[in-house]
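An overview of the molecular structure
Now for the letters of each chain:
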Amino acid sequence: MILSRTICNMLLACLVLLALEVPAQNNGLAEALAAYQSQDSEKARTIIDEVFKTPDAVTDPVAWQTRGFIYKQYYKKIESSAPNSEARPIAVEAFAKALALNPSPQVADNVKKAMVYLGVSYYNDAVSNMSAATAKESEQLYGQYRSTILTAHPEQSFTQQDISFKLALGGIYSQSYSRYTKKDKTQLQKAIALFEEVLELDAANITAHYNLGVLYFNEVLKDVTSKEGVKDAIESIQLRKLERESDHPDANCNLGINSMNKAVEIINTVSSESSYSEYIKVRDEADALYKKAMEHFKECSEIKGIFQNQ
C-alpha cells in the first residue's frame, strides 16, 4: 500500500514536470507573439531566440513561422535599407523550415506570402544600386531573390526576370568598360557573357544583339584606318553572330556560303604572273575554306532533317 502510494506520487511528480515543460514553449511563443504584435521587435527577437533553445521548437512549424515573422518585422523596422541585413536571411530560413515541416494550409499560405515579400526585397536591392563596383553583390542578391521565391513557389518561371537582370548588369559592365581610358578586359568579357546568356534564353532579343554588335564593332574598329577595314569589321561581327547561332540550319548555310566566297576571293588573287609557291599557298587556303564550307553545309542539312522529323 505504501509502495503503491509512492509510485503514484512519483508518477504525479512526472506529470507535473511534463505539464510545466510543454507550456514553457507555448508561454514563450505567446510572449514573443505579444511583443511582435506590440511592434517591440527587439524584445520579440530575444524571446523567440530563447524559445528555440528548447528541442520542441525545432519540430514545430508554428514556432518557425513565429520566428520568421518576428525577424521579418525586425528587418522591416531596422534593416530594410541594408542590403546585407542579418535579419532577412534568418527570416527566410525560418519560413523555409516551417514549410519543410508540412504545416497546416493556413500556416503555409501565410509563410509563402511572407517569403514573396522578402524575395521581392532582395530583387529591389539587387537592381536599385547596381553599378560595376557592386555588380557581384547585385548578382548574389538576385540569386537570393530566386531561391527565396522558389522555396515558396517551386513552379515559378524566371525567364523574363533573368533576361531583364542580365541585360541591366551587362549594360553596367559595358558602360563602365567604354567610359574609362584604361580598359579592364574582364568587364568587357562579363558584358559579352551576360548578353550571350540572354540570347540563350531569347535568341531574338533585340537589345542583346544590338549591345553585342556595338561591343564587337568598337573592339574591331580600334585598329581600323580604312574603308576596307570597316568592311572587314562588319563581316567579322556578322560571322560572330552566325557562330553563336550555329545550331540553326540557316546560320550553318550562311557560314558555309561565307567560307565558299572567301575561297573564291583567294583564288581570284592569283594571275598568270603569280609564282608557283603563290599558287600552292592559294590552293591550300582555298581548299581549307572549301572543306570548312562543306562541313557547314552538311551540318545545315542534318539540322534541317532533325527539324523536319520532329
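Shown above is the structure to which this text applies.
To start, this report covers the structure provided alongside it. (Residues numbered from 1 in each chain as written. Predicted model: local features only at pLDDT ≥ 70, side-chain atom pairs only at ≥ 80, totals over all residues. Heavy atoms only, no water.)

**Overview of the overall build of the protein chain**
As a reminder of what qualifies: Helix numbers and strand numbers start at the N terminus; a helix is a DSSP run of H or I with at least 4 residues, a strand a run of E with at least 2. Relative accessibility thresholds used throughout: buried, under 20% of the residue-type maximum; exposed, over 50%; partly exposed, between the two (1.4 Å probe, protein chains only). In this analysis, two residues are considered to be in contact whenever any of their non-hydrogen atoms come within 4.5 Å of each other. Accessible surface area values rest on a Shrake-Rupley calculation with a 1.4 Å probe, where residue burial reflects the displayed protein chains alone.
When you go through the protein chain residue by residue, the secondary structure sums to 13 helices and 0 strands. Overall, the protein chain shows an N-to-C arrangement of helices and strands of α-α-α-α-α-α-α-α-α-α-α-α-α. A total of 310 residues make up the protein chain; the buried ones form 35% of that total. Taking contacts inside the protein chain between residues at least 6 apart in sequence as the whole, the part at least 24 apart equals 56%. Of the accessible surface of the protein chain, which amounts to about 19,000 Å², a share of 56% is contributed by carbon and sulfur atoms.

**What about the pattern of salt bridges?**
Our working definition: The term salt bridge refers to a pairing of a side-chain nitrogen on Lys or Arg with a carboxyl oxygen on Asp or Glu at a separation within 4 Å.
Following the criterion strictly, the structure yields 8 salt bridges and no others. Of the charged contacts, one joins Glu50 and Lys53 as a salt bridge, the two residues approaching to 2.8 Å between their closest N and O atoms. Classification of Glu50 by relative accessible area gives partly exposed; the value is 45%. Of the residues examined, Lys53 reaches a relative accessible area of 62% and is grouped as exposed. For Asp162, the salt bridge identified is with Arg146, shortest N-O distance 3.1 Å. Of this pair, Asp162 sits in helix α8 (residues 159-179) while Arg146 sits in helix α7 (residues 135-152), and the two are 16 residues apart along the sequence. Among the residues examined, Asp162 registers a relative accessible area of 11% and is labelled buried. Take Arg146: its relative accessible area is 27%, and that puts it in the partly exposed class.

**Quick notes on helix α5 (residues 87-100)**
So the rule is basically this: The length a helix should cover is 1.5 Å for every residue beyond the first. Of all possible arcs, the one meant is that of the directions from the helix axis to the C-beta atoms.
Its 14 residues give α5 an end-to-end C-alpha distance of 20 Å, which sits within 8% of 20 Å, the value for a rise of 1.5 Å per residue. For α5, every residue scored as buried is listed here: Ala87, Arg88, Ala91, Val92, Ala94, Phe95, Ala98 and Leu99. The buried residues of α5 all sit within an arc of 160 degrees when viewed along its axis, so they share a single face. Looking at the buried positions of α5, the neighbouring elements they touch are α4 (61-79), α6 (105-128) and α7. At the exit of α5 stands Asn102, carrying a positive phi of roughly 50 degrees.

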